[in-house]
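Examining the three-dimensional arrangement
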Amino acid sequence: ASLIIHYLKAQKEKKYISNAFQLYMAPELVNELLRNPDKLKYGGSQQEISVLFSDIRSFTAYTEKHQPEETVQILKEYLTAMVDIIKANCGIVDKFVGDEIMALFGTPVAYPDHALQACRTALQMREALTTLQAKWKTEGKDDFDIGIGINTGFAVVGNLGSEQIFDYTAIGDTVNMGARLENLNKEILTGSKIIISEAAYIKVKDCVE
């Protein structure tokens, strides 16, 4: 009876983890969590990660000029494409803040090239947006642009939600700096509209321009 209870409890735990993460995390990361569910215990730990922030430029003005249904549909199409790219590069979607995306790389499963994966994600997001912009143009729809910021460093990562709501996230100066770098795209006009920190650059300087 004890073995049966233990088995049922383990299966319930695995189902919970799978349901909670499979929509915004790469399958290999979900499988790792299923093998090691202790990584999701409440509380956080210091981990080196890379964080990516992406935000639509002037989206408030965009929503004011379009019907809610049209705005929701185009946002859904955009976010779906971006989430697919994040998952394909072993990142996880931490959260949506309106039209902003926050993604983490190098957690909950640690891997050494998380900064490179974040940079690769940013470039692929730009490419996907260019494709979407061309599609929207043929459909007679207004398009929009995005800015991206990437930072690498140590942050407190883990289940940092409340007793009622599970929230696997990261907090700290590394995360705050990533958000500020994204916002700098409004002031510093780069060709790619991607700004990375020095800490991220040190990790990827042999692989990217």
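For the structure itself, look to the data block above.
Quick caveat: nothing in here was measured; it's all calculated off a predicted structure.

Quick word on the packing of aromatic side chains
What the rule picks out here adds up to five aromatic pairs. Note on Phe59 and Tyr62: the rings are 5.6 Å apart at their centroids and 10° apart in plane angle, and the pair reads as stacked. One end of the pair, Phe59, and the other, Tyr62, are both in helix H3 (residues 59–65), three residues apart, so they sit about a helical turn from each other. The interplanar angle of 50° and the centroid separation of 5.1 Å between the aromatic rings of Trp136 and Phe144 together place this pair among those described as tilted. The same class applies to Trp136 and to Phe144, which are both buried. Linked through ring pairs, Phe59, Tyr62, Tyr78, Trp136 and Phe144 together constitute an aromatic cluster.

Details of the environment of Cys207
Tracing the chain through its elements places Cys207 in the segment after helix H7 (198–204). Residue Cys207 is classed as exposed on the basis of its relative accessible area of 54%. Between the C-alpha atom of Cys207 and that of Cys119, which follows or precedes it by 88 residues, the distance is 9.9 Å.

Rules used throughout
- Residues numbered from 1 in each chain as written.
- Predicted model: local features only at pLDDT ≥ 70, side-chain atom pairs only at ≥ 80, totals over all residues.
- Heavy atoms only, no water.
- Phe/Tyr/Trp six-rings, centres within 6.5 Å; stacked < 30°, edge-to-face > 60°.
- Helix = DSSP H or I, 4+ residues; strand = E, 2+ residues; numbered from the N terminus.
- Buried < 20%, exposed > 50% of the residue type's maximum accessible area, 1.4 Å probe, protein only.

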